[in-house]
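# Structure at a glance
Here are the chains, one letter per residue:
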Amino acid sequence: MDASIKKTVRASDKDAQYDEKAKKLLGHKIILAYILVNTIEEFREMNPKEVVNYIEGEPYISVNRLSG
């Protein structure tokens, strides 16, 4: 396999792993709550533990699928 193709495949694999780990991290309601408290005006004065109660349902985490 051409060296540049190998490098591209390795890089995309690392990106996919990073993406998957980031999605898993963001799937935790407490993490989402901290993001909301620090970015959305309506949540700024709230405790993140209280904000968790406003996040309905379970976060959906998509799965990367390789085509081929």
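Residues numbered from 1 in each chain as written. Predicted model: local features only at pLDDT ≥ 70, side-chain atom pairs only at ≥ 80, totals over all residues. Heavy atoms only, no water.

## Digging into the overall build of the protein chain
- Of the regular secondary structure elements, the protein chain holds three helices and zero strands.
- Taken from the N to the C terminus, the helices and strands of the protein chain come in the order α-α-α.
- Counting every position in the protein chain, which comprises 68 residues, the buried fraction comes to 12%.
- Considering only intrachain contacts with a sequence separation of at least 6, the fraction spanning at least 24 residues in the protein chain is 37%.
- Total accessible area on the protein chain stands at roughly 6,100 Å², and carbon and sulfur atoms take up 55% of it. (Helix = DSSP H or I, 4+ residues; strand = E, 2+ residues; numbered from the N terminus. Buried < 20%, exposed > 50% of the residue type's maximum accessible area, 1.4 Å probe, protein only. Contact = heavy atoms within 4.5 Å. Areas by Shrake-Rupley, 256 points an atom, 1.4 Å probe, with all protein chains shown as cover.)

## Re the side chain of Lys 29
- Along the chain, the position of Lys 29 falls in helix 2 (residues 29-39).
- Among the polar contacts listed, one links the side chain of Lys 29 to the backbone oxygen of Gly 57, at a separation of 2.6 Å.
- Setting aside chain neighbours within four positions, we find Lys 29 in contact with Val 52, Ile 55, Glu 56, Gly 57, Glu 58 and Pro 59. (Polar contact = N/O pair within 3.5 Å; in protein donor to acceptor, adjacent residues only side chain to side chain.)

## Here's the deal with the confidence of the model for the protein chain
- When pLDDT is averaged along the protein chain, the result is 82; 79% of the residues meet or exceed 70.
- When mean pLDDT is taken per element in the protein chain, helix 3 (residues 48-51) scores highest with 96 and helix 1 (residues 3-26) scores lowest with 74. (pLDDT = per-residue confidence, 0-100.)

## Focus on the pattern of salt bridges
- This structure, assessed with the given rule, holds four salt bridges.
- The closest approach of N and O atoms between Glu 41 and Arg 44, which form a salt bridge, is 3.1 Å.
- Assessed through its relative accessible area of 57%, Glu 41 is described here as exposed. (Salt bridge = Lys/Arg side-chain N within 4 Å of Asp/Glu carboxyl O.)

## Some points on the environment of Val 37
- Structurally, Val 37 is set in helix 2.
- In this structure, the C-alpha to C-alpha distance between Val 37 and Asn 47, residues ten residues apart in sequence, is 7.5 Å.
- Here Val 37 is in contact with Phe 43, Arg 44, Met 46, Pro 48 and Val 51, once residues within four sequence places are set aside.

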